[in-house]
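# Tertiary structure, described
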Amino acid sequence: MTLPYLNPDRVQVLLDALKQRILIIDGAMGTMIQSYQLDEAGYRGERFAHVHGAGCDHDLKGNND
């Protein structure tokens, strides 16, 4: 067996819920991001490297959301 089918009943409950409504699945992503110890450039990446001031007037460093 491979994931996510270790618990097929749970998977079915999730699939049924997805058919009925939008689901928000919250996990430990912020904690994982913190482990990378990113600087401001690391938080912005290439896409938002030059946005500071134009559409974003604050630093993103530490904003794990």
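Keep in mind that this is a model prediction, so the values were computed, not measured.

## Let's talk about the overall build of the protein chain
A tally of helices and strands in the protein chain yields 3 helices and 0 strands. What you see in the protein chain, going N to C, is helices and strands ordered as α-α-α. Residue burial in the protein chain is summarised as follows: out of 65 residues, 14% are buried. Of the roughly 6,000 Å² that the protein chain leaves accessible, carbon and sulfur atoms contribute 56%.

## A word on the pattern of salt bridges
Per the counting criterion, the structure on display carries 1 salt bridge. Notably, a salt bridge pairs Glu-40 with Arg-44, separated by 2.8 Å at the nearest N-O pair. Taken together, the residues span about one helical turn, with Glu-40 and Arg-44 both in helix α3 (residues 40-44) at a distance of 4 residues. Among the residues examined, Arg-44 registers a relative accessible area of 6% and is labelled buried.

## Regarding the confidence of the model for the protein chain
Summarising the model, the protein chain shows a mean pLDDT of 80, and 82% of its residues fall at 70 or more. The lowest-confidence element of the protein chain is helix α2 (residues 29-34), averaging 81 in pLDDT; the highest-confidence one is helix α1 (residues 8-20), averaging 90.

## Considering the side chain of Glu-40
The exposure class assigned to Glu-40 is buried, which follows from its relative accessible area of 18%. Non-local contacts of Glu-40, meaning those with residues more than four positions away in its chain, are made with Asp-59, Leu-60 and Lys-61.

## As for the environment of Ile-33
Position of Ile-33 among the secondary structure elements: in helix α2. Between the C-alpha atoms of Ile-33 and Asn-63, which are 30 residues apart in sequence, the distance is 9.7 Å. Those residues within four positions of Ile-33 in sequence are excluded, and the remaining contacts are Leu-38, Tyr-43 and Asn-64.

## Remarks on unusual backbone geometry
We note that Gln-37 has phi near 50°; this positive angle belongs to a residue other than glycine. As for its position among the elements, Gln-37 is in the loop between α2 and α3.

Parameters at a glance
Residues numbered from 1 in each chain as written. Predicted model: local features only at pLDDT ≥ 70, side-chain atom pairs only at ≥ 80, totals over all residues. Heavy atoms only, no water. Helix = DSSP H or I, 4+ residues; strand = E, 2+ residues; numbered from the N terminus. Buried < 20%, exposed > 50% of the residue type's maximum accessible area, 1.4 Å probe, protein only. Areas by Shrake-Rupley, 256 points an atom, 1.4 Å probe, with all protein chains shown as cover. Salt bridge = Lys/Arg side-chain N within 4 Å of Asp/Glu carboxyl O. pLDDT = per-residue confidence, 0-100. Contact = heavy atoms within 4.5 Å.

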